[in-house]
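Survey of secondary and tertiary structure
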Amino acid sequence: MSLWNAAGPLQVGRFKDTGAFTGHWPGAADDVRACDGVLSAEQISQLAAQ
């Protein structure tokens with residue numbers, strides 16, 4: 001398994017291409033969560049039930 005090391009802040013709804021932010025998602029995002037590790041199936045179920 002290899003780890004991925006992000007080189008910047010978390011971006012939701014867009015991406016960076018050749019140094020510029022682009023690809024803005026034209027929709028809405030609701031109940032976004034970020035975790036610092038892998039969640040088990042049980043943990044995902046618990047979060048979905050909240």
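The text that follows walks through the structure, step by step, so that each part is easy to find. (Residues numbered from 1 in each chain as written. Predicted model: local features only at pLDDT ≥ 70, side-chain atom pairs only at ≥ 80, totals over all residues. Heavy atoms only, no water.)

**Considerations on the pattern of salt bridges**
Stated formally: By definition, a salt bridge exists where a carboxyl oxygen of Asp or Glu is found within 4 Å of a side-chain nitrogen of Lys or Arg.
Evaluated as defined, the whole model comprises one salt bridge. Two residues, R33 and D31, come together in a salt bridge whose shortest N-O distance is 3.3 Å.

**A few points about the packing of aromatic side chains**
The line we're drawing: Working definition: a ring pair exists when centres of Phe, Tyr or Trp rings (six-membered ring for Trp) sit within 6.5 Å. Plane angles under 30 degrees give stacked, over 60 give edge-to-face, the rest tilted. A positively charged side chain is recorded as over a ring if its NZ (Lys) or CZ (Arg) lies within 6 Å of the ring centre. The angle to the ring normal must also be within 35 degrees.
All chains considered together, the criterion is met by zero aromatic pairs. Across the ring face of F21, the terminal group of R14 is positioned such that the distance to the ring centre comes to 3.8 Å.

**Some details on the environment of V12**
Rule in force here: Helix numbering and strand numbering both begin at the N terminus, where a helix is a DSSP run of H or I of at least 4 residues and a strand a DSSP run of E of at least 2.
As for its position among the elements, V12 is in the segment before β1 (15–17). Considered as a pair, V12 and W25 are 13 residues apart in the sequence and their alpha carbons are 8.7 Å apart.

**A few points about unusual backbone geometry**
Of note in this structure, T18 is not a glycine but carries a positive phi near 45 degrees. As for its placement among the helices and strands, T18 is situated in the loop between β1 and β2 (20–22). Backbone geometry at D31 places phi at a positive 60 degrees, although glycine is not the residue there. Secondary-structure assignment places D31 in the loop between β2 and α1 (41–49).

**Describing a nonpolar patch on the surface**
Filter applied, for reference: Exposure above 30% relative accessible area and the absence of a salt bridge qualify a residue for a patch, where like charges join within 9 Å and nonpolar side chains (Val, Leu, Ile, Met, Phe, Trp, Tyr) within 5 Å. Using a 1.4 Å probe, accessible areas were evaluated by the Shrake-Rupley method; residue-level cover was limited to the displayed protein chains.
A contiguous nonpolar surface patch, about 310 Å² in accessible area, is contributed by L10, V12 and V32. Topologically, L10 is positioned in the segment before β1.

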